[in-house]
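Below, each chain spelled out in residue letters.
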Amino acid sequence: MTDQLKNRFLACCLGASAGEAIGIPAEGMSPEEVYSRYGEIEDYHPRSETEEFLSLEAGQSARQTEALLAVLAS
């Protein structure tokens, strides 16, 4: 694998984790629910507690992203 391809892969994975951390409060919500609760999400927000999802602090990522970042670090 070339260095350029490796860098693109790493950037894609890191971008996905940042996107998840920003988008996680709205997981499972319809667009209307998101807008009603947050307006436009432009920053990190904590995820609300629900029966379906665990609450997370602002900027945290879910375990799938944590696992991916651990693999990348190794």
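Residues numbered from 1 in each chain as written. Predicted model: local features only at pLDDT ≥ 70, side-chain atom pairs only at ≥ 80, totals over all residues. Heavy atoms only, no water.

Draft legend 1. Quick look at the overall build of the chain. Each helix and strand in the chain was counted, giving 3 helices and 0 strands. Start at the N end of the chain and walk to the C end: the helices and strands fall as α-α-α. By the burial criterion, 20% of the 74 residues in the chain qualify as buried. Counting only contacts in the chain whose residues sit at least 6 apart along the sequence, the fraction spanning at least 24 positions is 38%. By element, 54% of the accessible surface of the chain is carried by carbon and sulfur atoms, the whole surface being about 5700 Å². (Helix = DSSP H or I, 4+ residues; strand = E, 2+ residues; numbered from the N terminus. Buried < 20%, exposed > 50% of the residue type's maximum accessible area, 1.4 Å probe, protein only. Contact = heavy atoms within 4.5 Å. Areas by Shrake-Rupley, 256 points an atom, 1.4 Å probe, with all protein chains shown as cover.)

Draft legend 2. Highlighting the environment of Leu 69. Locating Leu 69 in the fold gives a position in helix α3 (residues 63–73). The class for Leu 69 is partly exposed, based on a relative accessible area of 26%. Leu 69 has contacts with Leu 14 and Ser 17, leaving out every residue within four places of it along the chain.

Draft legend 3. Examining helix α1 (residues 3–23) more closely. Helix length check: α1 (21 residues) gives 30 Å between terminal C-alpha atoms against 30 Å at 1.5 Å per residue, within 8%. Within the span of α1, buried status applies to Cys 13, Ser 17 and Ala 21. Around the axis of α1, the buried residues are gathered within 80 degrees of arc, so they sit on the same side. Exposed residues lying more than 90 degrees from the buried face of α1 are Gln 4, Arg 8 and Cys 12. (Expected span 1.5 Å × (residues − 1). Arc of directions from axis to C-beta.)

Draft legend 4. Representation of the environment of Tyr 38. Here Tyr 38 lies in helix α2 (residues 31–38). The spacing of Tyr 38 and Ala 26 is 12 residues in sequence and 8.6 Å in space, taken between C-alpha atoms.

Draft legend 5. Main features of the state of the cysteines. In this structure the tally under the stated criterion is 0 disulfides. The closest cysteine sulfur to the non-disulfide-bonded Cys 12 is located on Cys 13, 5.5 Å from its own sulfur. Owing to a relative accessible area of 7%, Cys 13 belongs among the buried residues under this scheme. (Disulfide = S-S within 2.5 Å.)

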